[in-house]
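One-letter residues, chain by chain:
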Amino acid sequence: MKIIVCIKQVPDTNEVKIDPVKGTLIREGVPSILNPDDKAALEEALRVKDQHPDTHITVMTMGPPQAEEVLIEGVAMGADEGILLSDRAFSGADTWATSNTLAKAIEKIGRYDIIFCGRQAIDGDTAQVGPQIGERLGIPQVSYVEKFYLEEGKIRVHRALEDGYEVIEGQSPILLTTIKELNEARYPSIPGIMRAYREDCIKVWTYEDLDIPSTDIGLDGSPTQVKRSFTPEQKGAGEMLEGTTDEKVGSLVQKLQEKNLI
Amino acid sequence: MGIKILQDECVGCTLCVGACPFDAIDMIDSKAVMNDNCTNCGACVDACNFGAIIKEESQMKQMDITQYKDVWVFAEQRDGQLMDVAAELLGEGRRLAEEVGCELSAVLLGEDVRDLTDELFAYGADKVYISEGEHLKQYTTDGYTKVLSKMVEEYKPEIVLFGATHIGRDLAPRVAARVDTGLTADCTKLEIDPEEKGLMQTRPAFGGNIMATIICPKHRPQMATVRPGVMERAEKSGKREDQELIEFKNDVTEEDIRIKILDVVKAGKASVNIVDSEVIVSGGRGLEKPEGFELLQTLADKLGGVVGASRAAVESEWIDHDHQVGQTGKTVRPELYIACGISGSVQHRAGMAESGQIVAVNNDPEAPIFSVADYGIVGDLNDVIPKMIKAYREKV
């Protein structure tokens, strides 16, 4: 079986804070991590390989040169190879241009049975790239995968709904987007880390390596554009109630009563 | 293509460095230089007081956008029940249609769902497009994408809105890709550009730390998903003479649907509906133990409300995920939101900042939750909450 896992390096948005005076992002010391939903995608692929050792796993990412770090992490966890799509020509891509680029690279790889993607990345939260890769490749998809079974060539998953789940059966080739609740990811192994650094298992593909028109990638291939970005407006701080606890509570109840809220 | 720094104009003031949300500008020899982190967001263009940073026009291929008109709302139904978000989208869609000066339509897919059309008309749809068939009974990516894409290609709407549900977020990207247009996810605000008449779609990014306004200038339709609970629902009104039902014949066959839904399992217990409640008493890590929620439940019961929770409390498994408010939980806007022992991360605030009145109780006077609170009480919630329950009982 051949599996491709699309992953992304993201800033750990839980660690980002807003400068209370300037209202800007404090970026210093914010670590870059493998996106949590993507880590679940990779872990699930590795579990297939645990069961079927002849499985070949490619981890792929598009990003700046330092995004190689997540591919190294992926190989250290047990993937066979990593492909980094990196070129200034790819930058400024929205989800459609990103999906076009990744789909083209997947076509260049050739045969595959399953494509795993994380449902969404924590820096954008769009959940669009997985389905749009599927559309570009013309293969079926199941998103929000919270359980995955592979039995006698049949793929069976649970797709999470807001109030339950669907049990879905599919056949390869198929694209699945996974949520982080799917599994508990393993840590990189020592032999894996050594292999990731020692062997030549990370490839870098640039625009020249992909047979794709420039109008399909990067900013020019992006139907959507960011017109403006800004930090959310801070509501003016309200009133801090003073006094003993009884006094504070008393004045709160009175104020809420005046506003007919209680 | 993209953002360009004019080195001759740059005075080395570093304003842009501070404005960049992505750490993409370095100062080299007292000049600003863009590095590979740049996402072309344009924050630096606005920040530069010297006209030294410009956004170059894109070389994008252009489609004829003038043929596209009307606002469409995907009227999601499950098991023959209209989802609440459909009414919210019709409320918002009406506002947008008036600003653009066009009609508002609802699109309904399913099997035997004709009785829902009256509800859609009552919510103000000028037209309802309906497409039915046995292969549309349950939502499938393949079936719904096929029909909706064909409808878009035939009728050419200018704007298409979806609820950002597990179905909307599965379907919309696929349709947008098939009809080759842009899509903006999880919008919290939609506006019409008064000059260009284009849709300005504002959404949180970076875990809610920044807001981005997205446009889709050269492709149609302009497509967006909108988080449930964010927009005001349409008021119901009587049927009008000019409302029109349009039937769209589809040719979806069994072969089109490449996956098989074997079963749909509903969550066992009745889940709490925090989105529709007017009063929410929410707890976070400051409760220190699961029993803390019993105290909050008592207060919530007194106030006729429900209990919410921060992600920290849910991840500590003190309370079910159904109660979670915030970026990865639900967006709520009750009349009264009481945050107890919640520090107020930006992710949490993103889900509750639109509440009518916000009360925060926290023992840390520096907790960010106080920055959005109308009334703040610094103190131990195990002391404050019982006193609130008592004071409420005595006074009200």
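The rules we used
Residues numbered from 1 in each chain as written. Chains lettered and ligands numbered in written order. Predicted model: local features only at pLDDT ≥ 70, side-chain atom pairs only at ≥ 80, totals over all residues. Helix = DSSP H or I, 4+ residues; strand = E, 2+ residues; numbered from the N terminus. Buried ≥ 20, exposed ≤ 12 C-beta atoms within 10 Å, placed from the backbone. Contact = placed C-beta atoms within 7 Å. Core = buried A, V, L, I, M, F, W, Y, C linked by C-beta atoms within 7 Å. Domains from an automatic or database assignment. Pairing = 2+ DSSP bridges. Axes fitted to C-alpha atoms, helices over the stretch in contact; angles between N-to-C directions. Parallel < 35°, antiparallel > 145°, perpendicular 65-115°, else oblique. Left-handed = near helix turned anticlockwise from the far one by under 90°. Nonpolar A, V, L, I, M, F, W, Y, C, P; charged D, E, K, R; others polar.

### Details of the overall build of chain A
Okay, so step 1: Counting its secondary structure elements, chain A contains 6 helices and 15 strands.
Okay, so step 2: Taking the principal axes of the C-alpha coordinates as reference, chain A spans close to 70 × 40 × 40 Å.
Okay, so step 3: In chain A, which comprises 262 residues, the share counted as buried stands at 50%.
Okay, so step 4: When contacts within chain A are restricted to residue pairs at least 6 apart in sequence, long-range pairs at least 24 apart make up 70% of them.

### Examining the nonpolar core
Okay, so step 1: Core analysis: the biggest nonpolar cluster contains 142 residues, and Val5(A), Ile115(A), Val73(B), Leu90(B) and Val107(B) have the highest contact counts within it.
Okay, so step 2: Per element, the largest residue contribution to this core is 7 residues, and it comes from helix α3 (residues 84-100) of chain B.
Okay, so step 3: Summarising the domain contributions, this core has at least three residues from each of domain 1 (2-56) and domain 2 (65-256) of chain B.
Okay, so step 4: With residues near it in sequence (within four places) discarded, Val73(B) still touches Ala86(B), Leu89(B), Leu90(B), Gly93(B), Ala106(B), Val107(B) and Leu161(B).
Okay, so step 5: Among the nonpolar cores identified, the runner-up in size contains 49 residues, and Val279(B), Val307(B), Ala312(B) and Ile319(B) belong to it.

### Section: the sheet that holds strand β13 (residues 199-205) of chain B
Okay, so step 1: Reading across the sheet, the 4 strands line up as β14(A)-β14(B)-β13(B)-β12(B) and stay open at both edges, with antiparallel pairing between neighbours. Among the strands making up the open sheet, the edge pair consists of β14 (225-230) of chain A together with β12 (189-192) of chain B. Neighbour-to-neighbour, the strand axes of the sheet open up by a mean angle of 25 degrees, direction not taken into account.
Okay, so step 2: In the sheet, β14(A) pairs with strand β14 (residues 210-215) of chain B via 5 bridges, with the strands oriented antiparallel. Within the sheet, the bridge partner assigned to Arg228(A) lies in β14(B) and is Thr213(B).

### Points about the environment of Glu28(A)
Okay, so step 1: One can find Glu28(A) in the loop between β4 (25-26) and β5 (32-34).
Okay, so step 2: Along the primary structure Glu28(A) and Val16(A) are separated by 12 residues, whereas in three dimensions their C-alpha atoms are 8.7 Å apart.

### Structural notes on the domain arrangement of chain B
Okay, so step 1: Looking at the assigned domains, one finds that chain B contains domain 1 (2-56), domain 2 (65-256) and domain 3 (279-395).
Okay, so step 2: A C-alpha centroid distance of 41 Å is found between domain 1 of chain B and domain 3 of chain B.

### Examining the packing of helix α3 (residues 95-109) of chain A against helix α4 (residues 129-137) of chain A
Residue and element names in this part refer to chain A.
Okay, so step 1: Direction vectors running N to C along α3 and α4 enclose 55 degrees, while the axes themselves pass 8 Å from each other. Considered as vectors, α3 and α4 are oriented oblique to each other. Here α3 runs over α4; the crossing is right-handed. On α4, the residues that touch Thr95, Trp96, Thr98, Ser99, Asn100, Leu102, Ala103 and Ile106 of α3 are Val129, Gln132, Ile133, Arg136 and Leu137.
Okay, so step 2: Looking at side-chain class alone, the contact of α3 with α4 contains 7 nonpolar, 5 polar and 1 charged residues.

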